[in-house]
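# Descriptive structure summary
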Amino acid sequence: MNRKIVRNIAIVSAFFIVTFSIMLITNYFQIRGFNPLQTEVIETLKQINDENSGNTELQEQIRQLDLLARRAYFVSISHLETGVYLLIGMLVVFIVAIRYYFAVIKNVPEKEIDPIDEWVEKTKARKYVNRAAGGLVTVALLFAFLSSPYLDSLKNGKPQDEKTVMTEMKNEDSTLSGEEYGFMDDSAEVLAENTEKPKENVSVTAPDSTPTDKPDSTPTDEPEIPKVTYNNFRGNNSSAITAAKNIPTTWDLNTNENIAWKTDIARQGYNSPVINGNKIFITGADEQARELYCYDLNTGKLLWMLAADNISGSPSEVPETSHDTGLAASTVATNGKQVCAIFATGDLICTDMEGKRLWAKNLGVPVNHYGYASSLLSFGDLLIVQYDNSNSPKLLALDMTTGAERWNKTRTDKITWSSPIITYIDRKPQLILMGNPSISSYNPNNGEKNWSVDFLSGEVASSPCSANGLVFGASEYSSLIAVDAISGEKLWETNEYLPEVSSPVATKDYIYLATSYGAIACYDAKNGELKKSIETDTEFYSSPIIAEGKIYLFSNSGKAFVYLANSELTLVNSFETGQRTFATPAFTDNRMIVRSENQLYCVTKKTIL
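This write-up is about the structure you can find in this document. All values derive from a computational prediction rather than experimental measurement.

When you go through the chain residue by residue, the secondary structure sums to seven helices and 33 strands. Across the chain, every contact between residues at least 6 apart in sequence was considered, and the portion connecting residues at least 24 apart equals 58%. A total of about 26300 Å² of accessible surface is found on the chain, and carbon and sulfur atoms cover 51% of it.

Strand order in the open sheet formed by four strands is β11-β12-β13-β14, and the pairing between neighbours is antiparallel. Each edge of the sheet is formed by a strand with only one pairing partner; in this case those strands are β11 (377–379) and β14 (405–410). Across this sheet, the average inter-strand angle for adjacent strands is 20 degrees, counted without regard to direction.

For the structure shown, the criterion picks out 14 aromatic pairs. Ring geometry for Y293 and Y295: centres 6.3 Å apart, planes at 55 degrees, overall tilted. Centre to centre, the rings of Y370 and W417 are 5.2 Å apart; their planes meet at 50 degrees, and the pair counts as tilted. Of the two residues, Y370 is situated in the loop between β10 (357–362) and β11 and W417 in the loop between β14 and β15 (421–425); the sequence distance between them amounts to 47 residues. What makes W417 buried here is its relative accessible area of 8%. Members of the aromatic cluster, each reached through a chain of ring pairs, are Y230, Y552 and F587.

Nonpolar side chains collect at one region of the surface, where I5, I9 and V93 lie side by side and expose about 220 Å² of accessible area between them. If you trace the backbone, I5 turns up in helix α1 (residues 3–31). Overall, I5 belongs to the partly exposed group, its relative accessible area being 46%.

It is worth spelling out the pairing of β14 at this point. Sheet analysis places strand β13 (residues 394–399) next to β14, joined by five bridges and oriented antiparallel. Looking at β14, one finds that A397 is bridged to W407. Hairpin connection, β13 to β14: the antiparallel pair is bridged by five residues, and G403 has positive phi, about 85 degrees.

Now for the nonpolar core. Ranked by internal contacts, the top residues of the largest apolar core, which has 50 residues, are W251, F587 and M592. Aside from chain neighbours lying at most four places away, what touches F587 is V228, Y230, T242, A244, I247, I275, I545, A547, Y552 and M592. Counting residues in each nonpolar core, the second largest holds 34 residues, with F281, L292, C340 and C350 among its members.

Let us look at unusual backbone geometry. Positive phi outside glycine occurs at R234, with the angle close to 65 degrees. Relative to the assigned elements, R234 resides in the loop between α7 (188–191) and β1 (241–242). We classify R234 as buried; its relative accessible area is 1%. For N256, which is not a glycine, the phi torsion comes out positive at approximately 70 degrees. For N256, a relative accessible area of 10% corresponds to the buried category.

Basis of the calculations
- Residues numbered from 1 in each chain as written.
- Predicted model: local features only at pLDDT ≥ 70, side-chain atom pairs only at ≥ 80, totals over all residues.
- Heavy atoms only, no water.
- Helix = DSSP H or I, 4+ residues; strand = E, 2+ residues; numbered from the N terminus.
- Contact = heavy atoms within 4.5 Å.
- Areas by Shrake-Rupley, 256 points an atom, 1.4 Å probe, with all protein chains shown as cover.
- Pairing = 2+ DSSP bridges.
- Axes fitted to C-alpha atoms, helices over the stretch in contact; angles between N-to-C directions.
- Phe/Tyr/Trp six-rings, centres within 6.5 Å; stacked < 30°, edge-to-face > 60°.
- Buried < 20%, exposed > 50% of the residue type's maximum accessible area, 1.4 Å probe, protein only.
- Patch = residues over 30% accessible without salt bridge, like charges linked within 9 Å, V, L, I, M, F, W, Y side chains within 5 Å.
- Salt bridge = Lys/Arg side-chain N within 4 Å of Asp/Glu carboxyl O.
- Core = buried A, V, L, I, M, F, W, Y, C linked by side-chain atoms within 4.5 Å.

In structure tokens:
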């Protein structure tokens, strides 16, 4: 072969090596830490989806946007692999060309220098060139490896194939996954045509409870894992709007119409159920024990129970609480990896999803004349605790894996029983708290306060809500206000119908609330105008939840109400369940979980044979 041709091949391959190496190194710095499941972006999509639960066209656009983002990510990973192969191939071509180029000059023409010396010099030059090219390629391959999702699996000592790695990325955290809102129903096409969903391991570490009535359903060996999670009081971020669909608007606990199962609860508690995967979590407590329970979503079977005991600083005697608050009024929080629960003793425990205790601590016995009732809130791997009481009011964030304190802010507000929420404004999270006298916004990442508005008084138990860039707060003997979430400016205020315990829910157009004296009201979110009020003969502690454009609400007596989430509060159905209900229901795919005074039951569409 002509030396000139060989030389040109070597030059071209060298150019490609340098170019591809620079690209791979640059790619590492560009995508380092990037993940299509980034919290702020996905949570913003969730917020938009929640606020427009009836807009199927918008939901489809959001789903497509999420799908395109994920496809772009997976394509970039594919391009990374292609670049690695091309770089290695070009290195081989370069080495072969260089070796051939220098080999043909081994027979050196007659000159006045020692041909052996010249050949040795050329050989050294060839080695230096090869080593330089090899070193550059090695550095490029190292950065390509660091850019790859395979690195995480190798760190854990579990090398995996591409399908598994991609699937694990897709299912890495169900609280951030677009699957929860139906965005990713066809993403499997991007990963692999036959990628299967992970199967859940169920570990029973406590004696099973016996359901009082389990109608005609026998679960399959491998039940499908629901896409919709419900990780906190009133759902994810405590927004009170769920993506769950196909929820019945009628059921009967006597005939088991649309009832999958029902089971007794060992100990009393007014906290609400939360759902992640095929697991339901609640707590119960009395003077003898404080316990966290995990139930199977498909059968109602008790999977495990964990007692909050042997905790340093825990009081020897339980504090006095009122009958309608008790020792287990606070709803648990989960992020799909850990589950945390708190009791009126100040005892806080956290476990993994199989019931293995990870850590526990006592935050100090809260001085509270009714009993501590604020629910926990998960935010990624942070556990947010609103600890307003008369001896040491504070707001703190703990690491859910270790219990280590991430930040702690002293509060000046008086005793409250309200629970925090997360809302996203301009793609940035805000932690919203109700207190006395303020409704306040904090940065959940570091606890720094954004703004605060004084308007509350009395005994504040209702929680805030948010929609379309506005934050709303309401409490009996005070008022209902709207605040601009960016500036902290109060936009409007009214005091016609106000909740005592039940928390309101907001869409971009309306706010809905229920009172302890039996009124249900709808306000215009933009100006506070009362659009509709309905008087009932019952009282409400449970909070309204919006699912698929319908409001689900339970009265203390156990009467269920279902309304359309419109300005007229159009009644879909109302009926007595026969069981007193104070807790707020939880929702997932095709199912609603209700905690009554003494039972836990599952509502789902089914045919009675």
